[in-house]
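# Structural features, examined
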Amino acid sequence: MKQRIFTKFAIILLCIVAYLACATPPKTAEETKQVRWPNFLRDWAAGYDINDSQRVSLINLIDSVYYLFEDSTQSVEAHSGQVCRMIDRMADVIANDSVFEFTLMMRATASNFLFQASQDDRFYQCNCSGESISRFVEWQTVSSTDIELMCYTIIPTSWQAPWHFANVILTAGKDDEEPLSSIVITNYEDIRMESIQITFYDSVNTVLDVVYENEVYVDSTNAAGGVKTLLMPYKYLMYALSQSLFVDVTYKTKEGWYSMKGSPGASFKEQINDCPHLKRVLDGLPH
C-alpha cells in the first residue's frame, strides 16, 4: 500500500519537485546581500535558466515599477495602469504558470512588493491596491478529465524564499475515490529539518490544531538534499484548510527554530470549486 502511494505521488508531483534533484540553487542565504529586489530576482531567474521572452518581460515590468516607487517625485496614480498590469501578470503566474521556480519567484516578489508599497501612500492611489493582497494568496489549480491538483506555496520573507518554502498539495486522479494530500517542505539553506510542526490558525491567530512530524508518514527520500514530504490524511488536511486562515510551518535547523507562515485558507473554499472531485470530497466531510 505504501509503495503504491509513493509511486503515484512521485508521478503526479513530478512537475513540482523534479527540479529539486537537478537544479543548482542560487547563492546561500549568508552570501546574499539585500540589493534591489529586481536585481536579486534577475540573478535568481538566471540561476534556473529562466530567460524566455514572456517571463523576462514580466521581470522587466517589475523592475520599471520598482524604479517608479523608488523615485519620490513620480506620480504613481499617473502610472496606475502599469502597476496594475504588473500585479495582474504576477497573479496569473502564481495561479497558472507551469514552471514552479517562476511561481515561487512571483510569490516572493509579491511579498516584497506589498511590504515596500504598503509603506508608500502613493500606492493606495492605484485602482488595484485594494485587491492586490487577495490576488497574491491564490492557489494554483489544475482540473482535467485525468487529474485535479491544488497547490499553495508557503514562503518566509521574500529574501529567504529561494531556500525555504513549503508546498501544500491536494490531488486526485479520475479513478481515485480518495485524494492524496501532502506538505512538501524544503530547506536548501542548511538542509536540516527536524521536529517539524504544522500549526493551523484562525483569523485572530487562535491555534486550531498542531500536527507533529512524528504523527504522520514522512517521506525522507530526499532529506539529504533538504526536502521532506509529510503525507497527511486528506480528510484532516482538507478540513483544517477549510476552517483555518493561516498555516505555520516550523522546524529545527542547525541554527535553531525556523518558521514560515502562509494563508492558504484565505481562498481555499472558493478555489476548490474549480476542482469538482475535490469539492465533492470536502462537502462530504463532517463539519
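Refer to the structure presented above.
Residues numbered from 1 in each chain as written. Predicted model: local features only at pLDDT ≥ 70, side-chain atom pairs only at ≥ 80, totals over all residues. Heavy atoms only, no water.

### Here's the deal with the sheet that holds strand β8 (residues 227-231)
Spatially, the six strands line up as an open sheet ordered β1-β2-β3-β4-β8-β7, and their pairing is antiparallel. In this open sheet, the two edge strands, each paired with only one partner strand, are β1 (140-143) and β7 (217-219). Pairs of neighbouring strands in the sheet enclose a mean axial angle of 20°, with direction left out of account. In this structure, β7 lies alongside β8, joined through three bridges in antiparallel fashion. Following the sheet pairing, tyrosine 217 is matched in β8 by leucine 231. Those strands touched by helix α6 (residues 100-117) are β1, β2 (147-154) and β3 (164-173), and its axis lies near 40° from that of β2. In the packing of helix α10 (residues 276-283) onto the sheet, the strands contacted are β1, β2 and β3, and the crossing angle to β3 comes to about 90°. (Pairing = 2+ DSSP bridges. Helix = DSSP H or I, 4+ residues; strand = E, 2+ residues; numbered from the N terminus. Axes fitted to C-alpha atoms, helices over the stretch in contact; angles between N-to-C directions. Contact = heavy atoms within 4.5 Å.)

### Overview of the sheet that holds strand β9 (residues 246-253)
Reading across the sheet, the four strands line up as β6-β5-β9-β10 and stay open at both edges, with antiparallel pairing between neighbours. Of all the strands in the sheet, just β6 (207-212) and β10 (256-262) have a single pairing partner and so form its edges. Direction aside, neighbouring strands of the sheet carry axes that sit 20° apart on average. As defined by bridge partners, strand β5 (residues 194-201) adjoins β9 across six bridges and the pair is classed as antiparallel. Note on β9: the bridge partner recorded for threonine 199 is aspartate 248. Contacts from helix α8 (residues 234-243) reach β5, β6 and β9, with the element oriented near 50° to β5.

### Quick word on the nonpolar core
Counting residues in hydrophobic clusters, the biggest one holds 44 residues, and the most contacted among them are Trp44, Val83, Met105, Met106, Phe113 and Phe123. Among the secondary structure elements, those contributing two or more residues to this core are α3 (37-47), α4 (53-70), α5 (80-96) and α6. Take this core: its biggest share by element is 10 residues, from α6. Of all hydrophobic cores here, the second largest spans 37 residues; its members include Phe200, Val218, Val281 and Leu285. (Core = buried A, V, L, I, M, F, W, Y, C linked by side-chain atoms within 4.5 Å. Buried < 20%, exposed > 50% of the residue type's maximum accessible area, 1.4 Å probe, protein only.)

### Regarding α8
The complete set of buried residues in α8 reads Tyr234, Leu237, Met238, Ala240, Leu241 and Ser242. Elements in contact with the buried residues of α8: β3, β4 (180-187), β5, β9, α9 (268-271) and α10.

### A closer look at the packing of aromatic side chains
Inspection of the entire model under this criterion finds 17 aromatic pairs. With 5.6 Å between their ring centres and 50° between their planes, phenylalanine 100 and phenylalanine 165 make a pair best called tilted. Here phenylalanine 100, found in helix α6, pairs with phenylalanine 165, found in strand β3; they are 65 residues apart in sequence, far enough to count as distant. By relative accessible area, which is 2% here, phenylalanine 165 ends up buried. Ring-pair connections join several aromatic residues into one group, and the members of that group are Trp37, Phe40, Trp44, Trp159 and Trp163. One cation-aromatic arrangement involves lysine 261 over tyrosine 201; the distance from NZ or CZ to the ring centre is 4.3 Å. Of note, lysine 261 hangs over the ring of phenylalanine 246, and the distance from its end group to the ring centre comes to 5.1 Å. (Phe/Tyr/Trp six-rings, centres within 6.5 Å; stacked < 30°, edge-to-face > 60°. Lys NZ or Arg CZ within 6 Å of the ring centre and 35° of its normal.)

### A closer look at the pattern of salt bridges
All chains considered together, the criterion is met by 11 salt bridges. The salt bridge partner of aspartate 63 is arginine 42, with a shortest N-O separation of 3.1 Å. With aspartate 63 in helix α4 and arginine 42 in helix α3, this pair connects stretches of sequence that are 21 residues apart. A salt bridge links aspartate 97 to arginine 55, with the shortest nitrogen-to-oxygen separation between them at 2.9 Å. (Salt bridge = Lys/Arg side-chain N within 4 Å of Asp/Glu carboxyl O.)

### Things to note about the environment of leucine 61
Its location among the elements puts leucine 61 in helix α4. Exposure remark for leucine 61: the relative accessible area of 9% places this residue in the buried category. Once the C-alpha coordinates of leucine 61 and arginine 89 are considered, the two residues, 28 residues apart in sequence, prove to be 9.6 Å apart. Those residues in contact with leucine 61 that lie beyond four places of it in its chain are Gln82, Arg85, Met86 and Arg89.

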